[in-house]
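Descriptive analysis of the structure
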There are 4 protein chains.
Amino acid sequence: MSHKNREEQTVQEKMHEIIFGAHTTQGWLFDMGLLIVIVLSVISNSLETVNGFEKVDGLENPWNDALFWASWVFTGLFTIEYALRIYCVKKPWRFIFSFWGIVDLLAILPEYLLLLFSSASGHASAFAAIRSLRLLRVFRILNLSWFQREGEDLGNAIWRARGKIVVFIMVVLIIVTIAGTIMYDVESTFDSESKFTSIPLGIYWAIVTMTTVGFGDIVPKTTAGQFISAILILVGYSLIIVPTGFVSAEVLDRKRRRVISTVSCPSCLTEDHDDDAVFCKYCGGEM
Amino acid sequence: MSHKNREEQTVQEKMHEIIFGAHTTQGWLFDMGLLIVIVLSVISNSLETVNGFEKVDGLENPWNDALFWASWVFTGLFTIEYALRIYCVKKPWRFIFSFWGIVDLLAILPEYLLLLFSSASGHASAFAAIRSLRLLRVFRILNLSWFQREGEDLGNAIWRARGKIVVFIMVVLIIVTIAGTIMYDVESTFDSESKFTSIPLGIYWAIVTMTTVGFGDIVPKTTAGQFISAILILVGYSLIIVPTGFVSAEVLDRKRRRVISTVSCPSCLTEDHDDDAVFCKYCGGEM
Amino acid sequence: MSHKNREEQTVQEKMHEIIFGAHTTQGWLFDMGLLIVIVLSVISNSLETVNGFEKVDGLENPWNDALFWASWVFTGLFTIEYALRIYCVKKPWRFIFSFWGIVDLLAILPEYLLLLFSSASGHASAFAAIRSLRLLRVFRILNLSWFQREGEDLGNAIWRARGKIVVFIMVVLIIVTIAGTIMYDVESTFDSESKFTSIPLGIYWAIVTMTTVGFGDIVPKTTAGQFISAILILVGYSLIIVPTGFVSAEVLDRKRRRVISTVSCPSCLTEDHDDDAVFCKYCGGEM
Amino acid sequence: MSHKNREEQTVQEKMHEIIFGAHTTQGWLFDMGLLIVIVLSVISNSLETVNGFEKVDGLENPWNDALFWASWVFTGLFTIEYALRIYCVKKPWRFIFSFWGIVDLLAILPEYLLLLFSSASGHASAFAAIRSLRLLRVFRILNLSWFQREGEDLGNAIWRARGKIVVFIMVVLIIVTIAGTIMYDVESTFDSESKFTSIPLGIYWAIVTMTTVGFGDIVPKTTAGQFISAILILVGYSLIIVPTGFVSAEVLDRKRRRVISTVSCPSCLTEDHDDDAVFCKYCGGEM
């Protein structure tokens, strides 16, 4: 967006800057306002399922009514925002069918669908499913300009370390498959009332244990099982330290390069030179 | 504080050095003494709620009496210290209304309020609430000069990484909102005795699970629920490694800069010298 | 394998490149296909133990039949692959008795053994044990060329940090031995219904607790026990940070060296050049 | 110990080299042998408390007899080793009253004390306490030359980061004190059957929760309590990343300096110079 001739900006351009950008004060305020509305609507929608706030046929419930109207207020705000977004982009259809355009639509659609379903009776389960869909609007936070700028480094670090993370998860999955199988064999052999009733359940237990979650709903009862558990736990406890090191190295490496890039060559204007460089590494000119 | 003419220091200045500073031996001893009194008073106050130490109407309990008197001794010490602090600062009112001044006042006020309430009978719940307030004096540890000097680096690292931490927490909150909603839908659909009775409870469960706490009070019973749990756990297990890397990089980066930036050669003006260098490593000139 | 004269490659050489290599597109596709077959066969085999899919005498179960035939299809594919591997290596016997050759054989052997056992009745327990052995084929993922290339860095980092990891695990084992013994003494003395029935069980509990797994099947009931637990937990929480630092340092150190050591200037022989340098940053000579 | 004239070493010196050193093959074998004996004796002694291996009055138990004799064999070996250590050190009394000398004595003393107690009947509890003391010999692993060399770096890193670790633990303790108090107030007010029966128990729960152990023996039942728990968990999850970064930085910093120290000044022979140093930073001589 052109920043130079602010006076000459059209209303459309001005709004685009506010809604899609975060570098102006108004843009930042818009982002923060939207964030608050998203959070409040998610809280409001999730409260509808809490006992005491729930709608019960034939009973008056002022709390449920309040939540019902709040939900419509939020949907109204999102609808206005959606319309404004379509209005101020240059190519509306491209926006509508873009990823974030669809996410924005999904944030308002379920509420209107609920209107149709509530008139038609007897679709309780479909009703509940659509009601839950509204909570997907929490994803919209990821699209806030403010969030995207702050989260860029985190996202980049994860992206560059993705190969390592995939390999790490696969090693974990191989270990839990073996451990889950062994535990199923051992526990179901020695303990007739074993809770390890199948290999997939054994693998579920191994994941819960190795990652140090430890629900305690399924626990080894036999001495052999407890011994194998102890080994699995120690392996999990030692393993977690490895990928951490890789991400640290990745972030630091990038940080160092960024420091480097402040120096630029006077001849060819390239950046990314070391601090002690005497000649440009790209054009050979003196620095 | 002037360190040069120790003899000429007034009593007020001397006390200020001891109470607010940690660079003298007396200041360090004062800090340690205060730390011990804070810890002992917190232990003493928390013991009052333990069964056997509690006050029961119409019964003699020597333990409760001991704790009662101990509490007054501690409050007495804190009151004297508060008076001394006000006495030795140059602008008393500024101190009293400063953040730490209010914390210091809150450390002694509840005890005196309890005196009022214990005479007026029948305010058991307000009584208990005020009694708990006394434990807030544990915050005073954060104000010890010794603690603030040691914790400075930690605080700075957290402060510089705050943007990343906020983004990280928000990503976690988005994931647990989605996961909690899905688990509520899945579990309450397939399991009629599901403990996932509402979406907020589902989100609470997702937080407990994803952070690897795993209480085990609410656990998935259906195969679908266990499968989703396993994925959530693996995501949480992989995610924690990312911010760790950022803090490591932050600390290391600062460490390197501090070493580099402190010393520079008086002859050739180069920097990057070690703290223990006697001669410049580039020009050989004395430093 | 010679890459230069592709036309002149024999069928044997070509297949070797596909099956054992990952640098060609076909090799990568072969690896991915094998990965999918391994994962599907593991899922299929583990489902056989799930209630509802299990074989029950005298009852028709179409699900069990489907899993039975799927298992044979997978074994058929692994058998063909095993034969191809033997065919295309230059020294077949060396491959057969190599570590990965044995792993490949173990991936198909159990299925054929099951055929023998299912005809002979009444070996239920041996039958189950052999059936579980088939899941060991999940290890074959570690031998995929693709996996080995991606996992090399992780493996190297663990290998170089192995001394530290061993020492770390031993320190953990020493602490849990002491903690488990103390907890057994304390809990069995003060609580007559203590679940700490033996020292090995106390050590198992200490491992589960110190690594923050926390199943909750065995928990301290006495105040003394809870106090010791709290200390053990804080020690475990503080300890985990140490080896993480070592792996981070190891990875970063290697990263730096790799960047530095690869390129050196042909004119002035200085090193420490970036990979994308065209001119030497010290003498300006072409690289 | 002198390595030059091996022939001239006395038996005493030779033994000292084997028992106290780890740089010779025999010394390494001695260390490994001792490690195995310590581990076996700890396993053997801990098994004595397991149901089925325990001594029951008036009943023959071959397992208990085996463990009894094994225990004496181990004690015999430790006694011989203790005698040899005293024999081959130059100042025996200094060794006996040194820290590790006392640890060595404590490894054998309990067994002999048990002999006295088993003849005198009716001291079951003292008997059990002394029996447990034998397990303290697991500490002897820390004194193995092999272990001390490998663990030196870890120990140094922890030692240099001790200030940060202490501050970190104190911050954790402050948070759990506040959280435990609030949870006690909230849960005991809204839930009449609350398991949060006292503030110290609330603090114990907060430690178990914040460190992600999560036993599940005490869990919040009220909505307010669950909300506070969720916040405490997220704080704990975010906090753990900070000290990790500090240890990483500490280890890396030391690693970098060690790399530096390979260059030494030709004039004054000092080490610890940077790679790009042209003049010695200590004497100013050209390098």
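Residues numbered from 1 in each chain as written. Chains lettered and ligands numbered in written order. Predicted model: local features only at pLDDT ≥ 70, side-chain atom pairs only at ≥ 80, totals over all residues. Heavy atoms only, no water.

**Focus: the overall build of chain A**
- Along its length, chain A carries 11 helices and 0 strands.
- When the 287 residues of chain A are sorted by exposure, 50% land in the buried category. (Helix = DSSP H or I, 4+ residues; strand = E, 2+ residues; numbered from the N terminus. Buried < 20%, exposed > 50% of the residue type's maximum accessible area, 1.4 Å probe, protein only.)

**A closer look at the relation of the copies chain D and chain A**
- Mapping chain D onto chain A calls for a screw motion: a turn of 180° about the axis and a shift of 0.0 Å along it, with 0.1 Å RMSD after fitting. Expressed as an axis order, the relation between the two copies is that of a two-fold axis.
- A high fraction, 100%, of the interface residues of chain D reappear at the interface in chain A, so the copies pair face to face through one surface. (Least-squares fit on C-alpha atoms with pLDDT ≥ 70 in both. Contact = heavy atoms within 4.5 Å.)

**So, the pattern of salt bridges**
Residues and elements named next belong to chain A.
- Following the criterion strictly, the structure yields 24 salt bridges over all chains and no others.
- The salt bridge partner of Arg85 is Asp104, with a shortest N-O separation of 3.5 Å. Of this pair, Arg85 sits in helix α3 (residues 62–88) while Asp104 is found in helix α5 (residues 99–119), placing the two residues 19 residues apart along the sequence.
- Given the relative accessible area of 5%, Arg85 is considered buried.
- Here Asp104 falls in the buried class, since its relative accessible area comes to 3%. (Salt bridge = Lys/Arg side-chain N within 4 Å of Asp/Glu carboxyl O.)

**With respect to the interface of chain D and chain A**
- At the interface, 4 residues of chain D touch 4 residues of chain A.
- Buried area between chain D and chain A, both sides added, is near 200 Å², and the carbon and sulfur share of it is 34%.
- Viewed at the interface, chain A and chain D are joined by 0 salt bridges.
- In this structure, the connection of chain D to chain A is made through 0 residue pairs in polar contact (both at pLDDT 80 or more).
- Its residues assigned to classes, the side of chain D that touches chain A comprises 2 nonpolar, 2 polar and no charged. (Buried area = accessible area lost by both parts, 1.4 Å probe. Polar contact = N/O pair within 3.5 Å; in protein donor to acceptor, adjacent residues only side chain to side chain. Nonpolar A, V, L, I, M, F, W, Y, C, P; charged D, E, K, R; others polar.)

**Comments concerning a positive patch on the surface**
- On the surface, a cluster of positive charge is contributed by Lys195(A), Lys221(A), Lys195(B), Lys221(B), Lys195(C), Lys221(C), Lys195(D) and Lys221(D).
- Here Lys195(B) is to be found in the loop between α8 (162–190) and α9 (199–210). (Patch = residues over 30% accessible without salt bridge, like charges linked within 9 Å, V, L, I, M, F, W, Y side chains within 5 Å. Areas by Shrake-Rupley, 256 points an atom, 1.4 Å probe, with all protein chains shown as cover. Lys, Arg positive; Asp, Glu negative; His and termini not counted. Charge placed at Lys NZ, Arg CZ, Asp CG, Glu CD.)

**Considerations on the nonpolar core**
- With 248 residues, the main nonpolar core has Ile141(A), Ile141(B), Ile141(C) and Ile141(D) as its most contacted residues.
- Excluding residues that lie within four positions of it along the chain, Ile141(B) makes contacts with Leu35(B), Ile38(B), Phe147(B), Met170(D) and Ile174(D). (Core = buried A, V, L, I, M, F, W, Y, C linked by side-chain atoms within 4.5 Å.)

**Focus: the packing of aromatic side chains**
- By the definition in use, this model includes 36 aromatic pairs over all chains.
- When the centroid spacing of 6.0 Å and the interplanar angle of 20° are considered together, the rings of Trp93(C) and Phe97(C) count as stacked.
- Clustering of aromatic rings is evident, with ring pairs tying together Phe20(A), Tyr82(A) and Phe95(A).
- The ring of Phe20(A) carries the charged tip of Arg85(A) above its face, separated from the ring centre by 4.9 Å.
- Here the guanidinium or amino end of Arg162(A) rests over the ring plane of Trp159(A), the centre of that ring lying 4.1 Å away. (Phe/Tyr/Trp six-rings, centres within 6.5 Å; stacked < 30°, edge-to-face > 60°. Lys NZ or Arg CZ within 6 Å of the ring centre and 35° of its normal.)

**Observations regarding a nonpolar patch on the surface**
Residue and element names in this part refer to chain A.
- Side chains of Val11, Val73, Leu77, Ile80, Leu84 and Tyr87 sit close together on the surface and give an oily, nonpolar patch of about 560 Å² of accessible area.
- For the nonpolar patch, the element with the highest residue contribution is α3, accounting for 5 residues.
- Tracing the backbone shows Val73 in helix α3.

**Quick word on the domain arrangement of chain A**
All names here are of chain A.
- Assigned domains of chain A: these are domain 1 (3–143) and domain 2 (145–287).
- On the domain 2 side, the residues contacting the 11 residues of domain 1 number 5 residues.
- For the pair domain 1 and domain 2, the summed buried area comes to about 680 Å², and 53% of that belongs to carbon and sulfur atoms.
- Of all residues in domain 1, Ala22, Leu142 and Asn143 bury the most surface against domain 2, accounting for 44% of the area lost on that side.
- Taken together, the links from domain 1 to domain 2 amount to 0 salt bridges.
- Taken together, the connections running from domain 1 to domain 2 amount to 1 residue pair in polar contact (both at pLDDT 80 or more).
- At 4 residues, the largest contribution of residues to the side of domain 1 that touches domain 2 is made by helix α2 (residues 25–47). (Domains from an automatic or database assignment.)

**Remarks on helix α2 (residues 25–47) of chain C**
- In this model α2(C) runs 33 Å from its N-terminal to its C-terminal C-alpha over 23 residues, within 8% of the 33 Å that 1.5 Å per residue would give.
- Taken together, the buried residues of α2(C) touch α8 (162–190) and α9 (199–210) of chain A together with α1 (11–20), α3 (62–88) and α7 (145–160) of chain C. (Expected span 1.5 Å × (residues − 1).)

**Observations concerning α9(A)**
- In a regular helix each residue adds 1.5 Å, so 12 residues correspond to 16 Å; α9(A) covers 16 Å between its end C-alpha atoms and thus fits that length.
- Among the 12 residues of α9(A), 11 are classified as buried, and the element is accordingly described as predominantly covered.
- Of all the positions in α9(A), only Ile199(A), Leu201(A), Gly202(A), Ile203(A), Tyr204(A), Trp205(A), Ala206(A), Ile207(A), Val208(A), Thr209(A) and Met210(A) are classed as buried.
- Packing partners of the buried residues in α9(A) comprise α8 and α10 (223–239) of chain A, α10 (223–239) of chain B together with α2 of chain C.

**Topic: the packing of helix α7 (residues 145–160) of chain A against α8(B)**
- In the contact formed by α7(A) and α8(B), the axes pass within 9 Å of each other and the chain directions differ by 100°. In terms of orientation, α7(A) lies roughly perpendicular with respect to α8(B). Of the residues in α8(B), those in contact with Trp146(A), Phe147(A), Glu150(A), Gly151(A), Asp153(A) and Leu154(A) of α7(A) are Gly163(B), Lys164(B), Val166(B), Val167(B), Phe168(B), Met170(B) and Val171(B). (Axes fitted to C-alpha atoms, helices over the stretch in contact; angles between N-to-C directions. Parallel < 35°, antiparallel > 145°, perpendicular 65-115°, else oblique.)

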